[in-house]
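# Analysis of the macromolecular model
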Amino acid sequence: MPSGPSALSVLTTVEAVLAGREPAMLPVPADDEHQTRLLTTSLRAGEDIDDDVAVVVSTSGTTGTPKGAMLTAAALTASADATHRRLGGPGRWLLALPAHHIAGLQVLVRSVVAGRAPVAVSARFDASELPAAVSAMGSGRRYASMVASQLDKALADPSASAALAELDAILIGGGPMPGRIAERAAAAGLSVLRTYGMSETAGGCVYDGVPLDGVRVRIDPDGRIALGGATLAKGYRNPPDPDPFAEPGWYVTDDIGALDDSGILRVLGRTDDAISTGGLTVFPHLVETALASHPRVADCAVFGVPDDSLGQRVVAAVVAVDGYPAPTLSELRTHVKTTLAPTAAPRQVHIVDELPRRGIGKVDRRRLAALFAD
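Summary of the structure given here.

For the coordinates displayed, the defined rule picks out 24 salt bridges. Note that arginine 270 and aspartate 254 form a salt bridge whose closest N and O atoms lie 3.6 Å from each other. In this pair, arginine 270 is assigned in strand S13 (residues 265-270) and aspartate 254 in strand S12 (residues 250-259), connecting sequence segments 16 residues apart. A relative accessible area of 32% places arginine 270 in the partly exposed class. Overall, aspartate 254 belongs to the partly exposed group, its relative accessible area being 32%. Counted as one network, the salt bridges with shared partners bring together Asp222, Arg224, Asp254, Asp255, Arg270, Asp272 and Arg366.

A few words on the pairing of strand S6 (residues 169-173). Within S6, five of the five residues are buried, which leaves it mostly tucked inside the rest of the structure. Of the two faces of S6, the one lined by Ala169, Leu171 and Gly173 and the one lined by Ile170 and Ile172 are each fully buried. Sheet analysis places strand S5 (residues 142-147) next to S6, joined by five bridges and oriented parallel. Within S6, the position partnered with alanine 144 by the bridge is isoleucine 170. Where S6 and strand S7 (residues 192-198) come together, three bridges link them in parallel fashion. If you follow isoleucine 170 over to S7, its bridge partner there is valine 192. Remark: the S6/helix H8 (residues 179-187)/S7 crossover connection has right-handed handedness.

Calculation criteria
- Residues numbered from 1 in each chain as written.
- Predicted model: local features only at pLDDT ≥ 70, side-chain atom pairs only at ≥ 80, totals over all residues.
- Heavy atoms only, no water.
- Salt bridge = Lys/Arg side-chain N within 4 Å of Asp/Glu carboxyl O.
- Helix = DSSP H or I, 4+ residues; strand = E, 2+ residues; numbered from the N terminus.
- Buried < 20%, exposed > 50% of the residue type's maximum accessible area, 1.4 Å probe, protein only.
- Pairing = 2+ DSSP bridges.
- Right-handed = clockwise from strand over helix to strand, strands pointing away.

What follows is the structure in structure tokens.
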């Protein structure tokens, strides 16, 4: 989405949809005809929908029929208002994410609420564009919403990093942020907040472990995180069975989490990513956090592959820091065991040039598992 007339046209459409002057909108990727056809067909574009639904956002499942989170104008604006309250007031936003994803769409919604058009960078995200884009944002409070891989690229460019340091806040969502990126961002003077949420909650609804105003969080007996409150979607266009929205006012996620004594949420991992090894459960996110603290690990992903003895074995794909020897399996196992149980230590390590990703930057563990299953 460019920053010129086209951006203003889309912003005008979003404003009209939120005000009820236009029918419900289905955001689709403009550069992917196949995905656009799939979404318009499976989510039944053009067919009747409840009057209060403003936007149907495609969910990010990699298989099956897209479910489509039905978001009302009230939920979208409640999220935008709560975000602005948390950040210190409305401001101008940098649009660095695709507008058909909930994170990019919410940048447009926040811009409508704030009454200031966003400044967009190109869809391919070239960090060298950031200095000019931030300069074009003018004065007053300024914000950005990004994913960790984009922030990583920006931190590698001194000019881009300096430009981001001028912003009042940078929201990082779309999955966990490696500790090394957080450390580099802090050292560069960037004001970064980690967000947790999904299309079903109108985007990020928990910032640095603390729910936004009007958002409720609980941990169910099976460890799943359940979310409720003003930002919740009213359900799915294609509800699955069982339906995570079955309990009125709540959405039961596929994420496992814990609340500490002060109510801070910690996301441990997804139920479908959990590795069952030797009768014990290992959550990849925890192992990735441990691995990422090794000084010669630039990036990593942990996944399970079939094992005749263990059921599954823990495997890691690692991107080594440039200019240094790649860490060995023995070194990484020893490193992980300093903070986690021995069961969590990977039994295989594959050194790769980069990690496969999907959507707006989420690591594709299924692809890695298929690649290294043998």
